Amino acid sequence: MSSPLPFVDLKAQYARLRPSIDARIRKVLDHGQYLMGPEIVELEASLAAFGGARHCIAVASGTEALRFPLMAEEIGPGDAVFLPGFTFPATAEVVVSVGATPIFVDVHESSYNIDPAALEAELAQVKRDGRLRSRAIIAVDLFGLPADYAALEAIARRDNLLVIADAAQSFGATVGNRAVGTLAPITATSFFPAKPLGAYGDGGAILTDDERLTAIIRSIRNHGAGEDRYDIVRLGTNGRLDTLQAAVLLSKLEVFADELKARERWAAAYDRHFADKVGRPPRREDAKSAWAQYCIRVPNREPLRERLSRQGIPTAIYYPKPLHQQPAYERFGRGPGSLPVSERICRDIMALPMHRSEEHTSELQSR
Ligand SMILES: *Cc1c(COP(=O)(O)O)cnc(C)c1O
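All values derive from a computational prediction rather than experimental measurement.

Caption draft 1: Main features of the pattern of salt bridges. According to the stated counting rule, one finds 21 salt bridges in the structure shown. With a closest N to O distance of 2.6 Å, Glu254 and Arg24 form a salt bridge. Placement of Glu254 in helix 8 (residues 243-254) and of Arg24 in helix 1 (residues 10-31) is noted, with a sequence separation of 230 residues between them. Owing to a relative accessible area of 54%, Glu254 belongs among the exposed residues under this scheme. Here Arg283 makes a salt bridge to Asp271, at a shortest N to O gap of 2.8 Å. With Arg283 in the loop between helix 9 (256-274) and strand 10 (287-288) and Asp271 in helix 9, this pair connects stretches of sequence that are twelve residues apart. Take Arg283: its relative accessible area is 39%, and that puts it in the partly exposed class. For Asp271, a relative accessible area of 10% corresponds to the buried category. Overlapping salt bridges, with partners in common, bring together Glu109, Arg297, Arg344 and Asp348 in one network.

Caption draft 2: Geometry of the packing of aromatic side chains. Evaluation of the coordinates by the stated rule reveals 16 aromatic pairs. An angle of 75 degrees between the planes, with centres 6.3 Å apart, marks the rings of Phe86 and Tyr112 as edge-to-face. Here Tyr112 lies in the loop between strand 3 (101-105) and helix 5 (116-129) and Phe86 lies in the loop between strand 2 (79-84) and helix 4 (90-97), a separation of 26 residues in the sequence. Here Phe86 falls in the buried class, since its relative accessible area comes to 1%. Measuring from ring centre to ring centre gives 6.2 Å for Tyr112 and Phe143, while their planes differ by 90 degrees; the resulting arrangement is edge-to-face. Here Phe143 lies in the loop between strand 4 (133-140) and helix 6 (149-159) and Tyr112 lies in the loop between strand 3 and helix 5, a separation of 31 residues in the sequence.

Caption draft 3: Structural detail: helix 8. A rise of 1.5 Å per residue sets the reference length of helix 8, with its twelve residues, at 16 Å; its end C-alpha atoms lie 17 Å apart and thus fit the reference within 8%. For helix 8, the full list of buried residues reads Thr243, Gln245, Ala246, Ala247, Val248, Leu249, Leu250, Ser251, Lys252 and Leu253. Regarding helix 8, its N-cap is Asp242, as a side-chain oxygen of that residue lies 3.1 Å from the backbone nitrogen of Leu244 further along.

Caption draft 4: The arrangement of the site of the ligand in detail. Close to the ligand lie 16 residues, the nearest being Gly62, Thr63, Gln169, Ser190 and Lys195. The contact in question runs from a nitrogen atom of the ligand to an N or O atom on the side chain of Asp166, over 2.8 Å. In this structure, Lys195 approaches the ligand through a side-chain N or O atom, which is 3.1 Å from an oxygen atom. In isolation the ligand has 380 Å² of accessible area, and contact with the protein removes 94% of it. Looking at the shell around the ligand, the elements that each hand over two or more residues are helix 3 (62-72) and helix 4.

Caption draft 5: Inspection of the sheet that holds strand 2 at higher detail. The strand order across the open sheet formed by seven strands is 1-9-8-5-4-2-3, and the pairing between neighbours is mixed. Strands with a single pairing partner mark the edges of an open sheet, and in this sheet they are strand 1 (55-59) and strand 3. Sheet twist, expressed as the average angle between the axes of neighbouring strands with direction ignored, equals 25 degrees. When strand 2 meets strand 3, the two strands line up parallel, connected through five bridges. In the sheet register, Phe82 faces strand 3, and the bridge partner there is Ile103.

Caption draft 6: Examining unusual backbone geometry more closely. Cis geometry marks the peptide bond from Tyr318 to Tyr319, where omega comes out at 0 degrees. Mapped onto the elements of the fold, Tyr319 is located in the loop between helix 10 (302-310) and helix 11 (340-348). Notably, His223 is not glycine yet its phi reads approximately 60 degrees, a positive angle. Positive phi is not limited to glycine here, since Trp291 has a value of about 50 degrees.

Rules behind the numbers
- Residues numbered from 1 in each chain as written.
- Predicted model: local features only at pLDDT ≥ 70, side-chain atom pairs only at ≥ 80, totals over all residues.
- Heavy atoms only, no water.
- Salt bridge = Lys/Arg side-chain N within 4 Å of Asp/Glu carboxyl O.
- Helix = DSSP H or I, 4+ residues; strand = E, 2+ residues; numbered from the N terminus.
- Buried < 20%, exposed > 50% of the residue type's maximum accessible area, 1.4 Å probe, protein only.
- Phe/Tyr/Trp six-rings, centres within 6.5 Å; stacked < 30°, edge-to-face > 60°.
- Expected span 1.5 Å × (residues − 1).
- Polar contact = N/O pair within 3.5 Å; in protein donor to acceptor, adjacent residues only side chain to side chain.
- Near = heavy atom within 4 Å.
- Areas by Shrake-Rupley, 256 points an atom, 1.4 Å probe, with all protein chains shown as cover.
- Pairing = 2+ DSSP bridges.
- Axes fitted to C-alpha atoms, helices over the stretch in contact; angles between N-to-C directions.

This is the structure we're talking about:
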């Protein structure tokens, strides 16, 4: 291969969308409403329609999209929030940042998502300990594949827990004929540039059918304002998405269905080349992933990574360590060995570039 591939090719995508993105950006510069401009209203309506939810609130990042529902439900000190140990740090940091306690749950080998049976065991343990009130589950749709919300919903209903979908990697995925946005009562997504639907900076959104919650989150993203701008009725923050990012996202949303189809094609191409060779990513018969990442399992991955790198093929490790083994979160976990599946996956997982895969699978095949 002649020139090295980028891991995510945002420049090529911009070259295709340039006329539309440039025109929308110019419009924002002309009207000058850099915050809460008309593009925000338009984007929220479009995202709600795409995700099948009644309401959408655009916010400053995927992290804030996870944090605001916890704030709105007044989850805090003395409360336990359950989440997978194998995820991006934001899923846990929002829990700690509101003063609640994260309880790390192991994931399932067949999905890399939170394991409902392991969740049951952790819920029982918290109940036995009697120190914390179990309040919420944050399920993560890792690499774009939705978690098992049917199983989680049954547990949540029994124990009166809130279910939040961390759909930072899965916006655009479906289960049966239901879109991500309808699988949980609250869905949080991210527009970090490298996500399947990425902005040109930070951004995120919350999707829900809950009108009361929507009103509270709109207030939180604007410093806790009430009816009047300087009527401050709750603790809030500066959590708005800016209008320029909404303009970029509106352009990208127009071609997002095609982007998802292309990702499915690239994933299928990898699958064909890897048949019987490496640990292919989990799939669900009833679901379509958003394919944020295509990750394979390779015992002793470093020699292969080095060879690919020499051939100009970048790889990435999502994630090298489960959260209960990260220095910042160790104190919430039960130490090495407590989440065996998460720990095993972290040792041999490896992500491949999600574009033009047809061109470099042949090099991977010769490994
Ligand atoms: C990217 C990501 C987030 C955070 O999104 P930001 O927009 O970067 O704040 C949260 N959870 C998961 C699983 C992610 O991949």
